[in-house]
Structure formats: C-alpha cells, structure tokens
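Inside the fold
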Amino acid sequence: QVQLVESGGGLVQAGGSLKLSCVVSVLTLSDYAMGWFRQAPGKEREFVAAISWSGFSTDYADSVRGRFTISRDNAENTVYLQMNSLKPEDTAVYYCAADLAYPNSRPETYDYWGQGTQVTVLS
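Structural notes, computed from the coordinates. (Residues numbered from 1 in each chain as written. Predicted model: local features only at pLDDT ≥ 70, side-chain atom pairs only at ≥ 80, totals over all residues. Heavy atoms only, no water.)

1. Some details on the state of the cysteines
- For the coordinates displayed, the defined rule picks out one disulfide.
- With its sulfur 1.9 Å from that of its partner, Cys 22 forms a disulfide with Cys 96. Note on the Cys 22 and Cys 96 pair: the S-S dihedral is about 55 degrees, so by sign convention the disulfide is right-handed. Of this pair, Cys 22 sits in strand β3 (residues 18–25) while Cys 96 sits in strand β9 (residues 92–99), placing them 74 residues apart in sequence.
- The exposure class of Cys 22 is buried, given its relative accessible area of 0%. (Disulfide = S-S within 2.5 Å. Helix = DSSP H or I, 4+ residues; strand = E, 2+ residues; numbered from the N terminus. Buried < 20%, exposed > 50% of the residue type's maximum accessible area, 1.4 Å probe, protein only.)

The following block contains the structure:
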C-alpha cells in the first residue's frame, strides 16, 4: 500500500523556519514528481511547490517563491520543504503528493497523498 507520511509541522513565530519531510513507501520515488500543497480552514487546497523526478527542476507558487525550497532525496525516499521567513498567512495543513507529470500545480490530478501536517505561524 502506497504511503506518504509528512512530519515537521508545528508552531512557530512569524519570521521563523520549519522543515517539512515526506517519507514515501512502496513507490519508486524517482518515477514520480512530487508536490507540496496546503489548505487553510475554509479555503481550497492550494499549490505550494513541485519538484521533478530527478530534482533538477522546481516550481513554486508566487506566494512562497524565495522563502520556501523543495528538495528530494530519492535514495532516502524523502521529499522536503524548507520554509523560511514564515508569515501568519502560511498557516495551514501541508500535504505532500505524488504524480507522474511535471510540472503540475493541480491538486486534483495528483495520484497519491499524505495525511498532512499542521503548520501554525504566530504573529
């Protein structure tokens, strides 16, 4: 059974940093592009970042570009999201997802999803 398990969320002051991890099991990670999405209460799930199969290409939402960095370690079956200069508006549940296509910012097309990890940024 395919599993994506996120970790690293928590409570942080505005301006602080967090690093999220997503460990993938069963899938051959290098076959999949990976994405991070987030969903705040009362809002739709939105694209945050994506990374190509090899990790050589990345894509970011305008709202996080320059502050967040997506990376991957295929040998460790893990994808990361380094989040710096966090803002209260970054507060959301963050999800990692796997898809065969890249670039892809549409959550409805991703094949596999994790359960999410909560990120709360205090002002």
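2. Concerning the packing of aromatic side chains
- One pass over the full model with this rule turns up seven aromatic pairs.
- Taking 5.1 Å as the distance between ring centres and 50 degrees as the angle between the ring planes, the aromatic pair formed by Phe 37 and Trp 113 counts as tilted. On the criterion of sequence distance, the pair formed by Phe 37 in strand β4 (residues 33–39) and Trp 113 in strand β10 (residues 112–113) is long-range, its members being 76 residues apart.
- Overall, Phe 37 belongs to the buried group, its relative accessible area being 0%.
- Where Tyr 95 meets Trp 113, the ring centres are 6.3 Å apart and the plane angle is 80 degrees; that geometry is what we call edge-to-face. With Tyr 95 in strand β9 and Trp 113 in strand β10, this pair connects stretches of sequence that are 18 residues apart.
- An aromatic cluster is defined as three or more aromatic residues linked by ring pairs; in this entry it consists of Phe 37, Phe 47, Tyr 95, Tyr 110 and Trp 113.
- Note that Arg 45 overlies the ring of Trp 113, its terminal NZ or CZ placed 4.7 Å from the centroid. (Phe/Tyr/Trp six-rings, centres within 6.5 Å; stacked < 30°, edge-to-face > 60°. Lys NZ or Arg CZ within 6 Å of the ring centre and 35° of its normal.)

3. Quick look at the side chain of Glu 6
- Along the chain, the position of Glu 6 falls in strand β1 (residues 3–7).
- In this structure, Glu 6 is buried with no salt-bridge partner, the nearest side chain bearing the opposite charge being Arg 45 at 7.5 Å.
- Within the structure, Glu 6 has its side chain in polar contact with the backbone nitrogen of Cys 96 (distance 2.9 Å).
- In terms of polar contacts, Glu 6 uses its side chain to reach the backbone amide nitrogen of Gln 115, at 3.0 Å.
- With sequence-adjacent residues up to four places away left out, Glu 6 is seen in contact with Ser 21, Cys 22, Trp 36, Tyr 94, Tyr 95, Cys 96, Gly 114, Gln 115, Gly 116 and Thr 117. (Lys, Arg positive; Asp, Glu negative; His and termini not counted. Salt bridge = Lys/Arg side-chain N within 4 Å of Asp/Glu carboxyl O. Polar contact = N/O pair within 3.5 Å; in protein donor to acceptor, adjacent residues only side chain to side chain. Contact = heavy atoms within 4.5 Å.)

4. Side note on the nonpolar core
- Grouped together as the largest cluster of nonpolar side chains are 37 residues, with contacts concentrated most on Met 34, Trp 36, Leu 81, Met 83 and Tyr 94.
- When residues of this core are traced back to their parent elements, those giving at least two are β3, β4, β5 (46–51), β7 (68–73), β8 (78–83), β9 and β11 (117–122). (Core = buried A, V, L, I, M, F, W, Y, C linked by side-chain atoms within 4.5 Å.)

5. A short note on the pairing of β1
- Every second residue of β1 is oriented toward a common face, the buried set being Leu 4 and Glu 6 and the non-buried set Gln 3, Val 5 and Ser 7.
- With five bridges joining them, β1 and β3 adopt antiparallel strand pairing. Pairing of Val 5 across the sheet is with Val 23, part of β3. (Pairing = 2+ DSSP bridges.)

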